[in-house]
Amino acid sequence: MLLLANLVATLPLLTAAPPAAVKPSAMKPSAVKPSAVKPSAATHWSWQPMSHPVAPPAGEGWARNEIDRFIHDALDVRGLAPSPEADRRTLLRRLSLDLVGLPPTPGAIEAFESDTRPDAYDRAVDALLADPAHGERWARHWLDVARYADSNGLDENTAFGNAWRYRDWVVRALNANIPVDRFIRMQVAGDLMPGAADPATAADHLTATGFLVLGPKVLAEPDKEKLVYDLVDEQVDVIGKAFLAESIGCARCHDHKFDPVSQADYFALAGILKSTQTMATVATVARVLEREAADPASIARRESLVKDAREAGDRLLRARAETCCALAEERAEGTDAAIAALDAAHRHALAAVPAAPPHVIAVRDEAKPTDLAVHARGDHTQPKGDPVRRTVPSVLASAVVPPTVPAGGSGRAELATWLVDAEHPLTARVFVNRVWHWHFGQGLVDTPSDFGTRGGLPSNPALLDWLARDFVLHGWDLRRLHRQIVTSATYRQASAARTDGMAIDPGNTLLWRWAPRRLEAEAIRDAVLAVSGALDRTLGGSLLTTGNFEYVTNDQSNNGAQYAAPRRSLYLPVIRNAIFPFFATYDYTDPSISIAARPSTVIAPQALWMLNSPFVLEQAKAWSARLHAAVPADRPPAQAALTDRTADPAAE
């Protein structure tokens, strides 16, 4: 157990609770909640056009970029000053866990602490952003929003055997730093985007639309029309929350009780999704649609070659049948040679057929797009009045011109383009706020998926708008946004509590210090594996052995999930109705819904898991063996410091 204690000691803050003053429940901004009177689009902040703020002159001598000037200005107003910079070891640990989800190696810490170059910190940031582990770390954040899972859940918990291809696409997209506007468009309407002649690009376009398919479904619903309407409802809900931070789904049965989103607005958007095919079949136990991940030309070419091979095979079979039926003396001279030629032609045709492309969960437009009428109480059997033209919520019509949906298309392409309009008041704000939340543990708006009247108000409205404007201006460049945040003096502050700060802003809403917080489940497990030396850094692939659309069980008895694999936790299968127990212990929430923010609890089972888990004990032994192998036999044990570069084979 001493070895285990030493192992845990090398992972500070993994199981530590935030100080009492910065518990999540105490971190909400002191904003006045809106009244019960439903506001109009003209009154609520999030539906207003983004302002054009200029960074104030505050923070001279401390500020490293514009972010700091906004933060310092807000602190000045409250009579507070920022905290000093954290020490180098703390900074590198913070950066590494934040950007790649793994602790820095002892060698990396030693090198960083001894690097006297003025740009040493910036170099460390760039190296971490370029590490393939960065895409893995930040993909997990987005997968929370996308309600990613490897099974359906609900009534018929069948495996989504190809869902992992969407997950791996998110990793690739983030590592390639594709512009976020494209990242969003691909998930809403990638199959309709032009310029996909390249097979790899076409495959990614299809794969990205798995975002619309990933939600849970009542697959054995006897009322098949209801199944489709409920599916559409789930898609409306996730699009509204993920990209607009608006609970549009609340308007299915009646006008939104708090926000100016009408039932007509809901069905205008629902018509776009109703005109989109998501299911391959809804008979008995329904199945989601899967498509070949290739460009149309490649698919057509392969189908033609398959047809040629089939016809060549048919000719060979007919010739053999005719030969068998003839008497030996009646066989014409050269028959055997002709059959041999047909056989060779068949083999040649088979060899010309390329391997089938992988299948991905994806969508396509319905053959006959349709508008929907408003339905009384949201009941699919009670349409009332004329159909509502497919479009976007009218509350945003004054900020961005609503798209015109063509009669022959679903409207997803137009919806996707509208979402990423440079003047859209929500999309960029919502995304940069999510990134801020994932870096600091709390967004500038502390309800990342709810910018409506029941959500939080921005703690620093000018900074939020400046970040959103700057993000769009520089091509929706996510890596640049990461760099801006983590190189700021705000991010680099020490975490020690101060009397003045605790008295004025105990929740640290104004960011007068760095707020320590516990890591998520995945980062805890990955850190243990990294320290022990057992972590398998292989990228991509599936650890679910259950066949596609086969059943998994709620008691984990036949889930075919390889939870013992020493891969990064990102790759462990997410089985709805049967979450991996370790994930559940460390606050992994319901993957059936879009997750805005992970909860953070401090409960006894978490400490007990660290003390008694066979996994931790096994990794502690591996870590001990690693140290013993690295330290010369004639060296006193007391000198075998963890900071010795020889203690880490990967340090070189």
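Residues numbered from 1 in each chain as written. Predicted model: local features only at pLDDT ≥ 70, side-chain atom pairs only at ≥ 80, totals over all residues. Heavy atoms only, no water.

Things to note about the side chain of Glu 246
- Relative to the helices and strands, Glu 246 is located in the loop between α10 (224-244) and α11 (263-274).
- Here Glu 246 sits buried without a salt bridge, and the closest side chain of opposite charge, Lys 241, lies 9.9 Å off (N-O distance). (Helix = DSSP H or I, 4+ residues; strand = E, 2+ residues; numbered from the N terminus. Buried < 20%, exposed > 50% of the residue type's maximum accessible area, 1.4 Å probe, protein only. Lys, Arg positive; Asp, Glu negative; His and termini not counted. Salt bridge = Lys/Arg side-chain N within 4 Å of Asp/Glu carboxyl O.)

A few points about the environment of Ala 494
- Mapped onto the elements of the fold, Ala 494 is located in the loop between α17 (478-486) and α18 (499-504).
- Sequence separation of Ala 494 and Thr 90 is 404 residues, and the distance between their C-alpha atoms is 8.5 Å.
- Among all residues touching Ala 494, those that are not within four sequence positions of it are Ser 83, Pro 84, Glu 85, Ala 86, Arg 513 and Trp 514. (Contact = heavy atoms within 4.5 Å.)

Notes on unusual backbone geometry
- Although it is not a glycine, Asn 177 adopts a positive phi angle of roughly 55 degrees.
- Following the sequence through the fold, Asn 177 ends up in the loop between α7 (163-175) and α8 (180-189).
- The backbone phi angle of Phe 549 is positive, close to 70 degrees, even though this residue is not glycine.
- For Phe 549, the location among the structural elements is in the loop between α19 (521-532) and α20 (581-585).
- Classification of Phe 549 by relative accessible area gives buried; the value is 14%.

Quick word on the nonpolar core
- Ranked by size, the top nonpolar core spans 155 residues in total, and within it Trp 142, Tyr 166, Phe 211, Phe 243 and Trp 436 carry the most contacts.
- Beyond its immediate stretch of four places on either side in the chain, Trp 142 contacts Tyr 166, Val 170, Phe 183, Gln 187, Phe 211, Ala 242, Phe 243, Phe 431, Arg 434 and Trp 438.
- Of all hydrophobic cores here, the second largest spans five residues; its members include Ala 203, Leu 206, Ala 293 and Val 360. (Core = buried A, V, L, I, M, F, W, Y, C linked by side-chain atoms within 4.5 Å.)

Quick notes on the environment of Met 50
- Here Met 50 is to be found in the loop between α1 (2-9) and α2 (66-77).
- Distance in space between the C-alpha atoms of Met 50 and Arg 429 is 8.4 Å, their sequence separation being 379 residues.
- Residue contacts for Met 50: discarding those within four places in its chain leaves Ala 422, His 424, Pro 425, Arg 429, Asp 465, Ala 468 and Arg 469.

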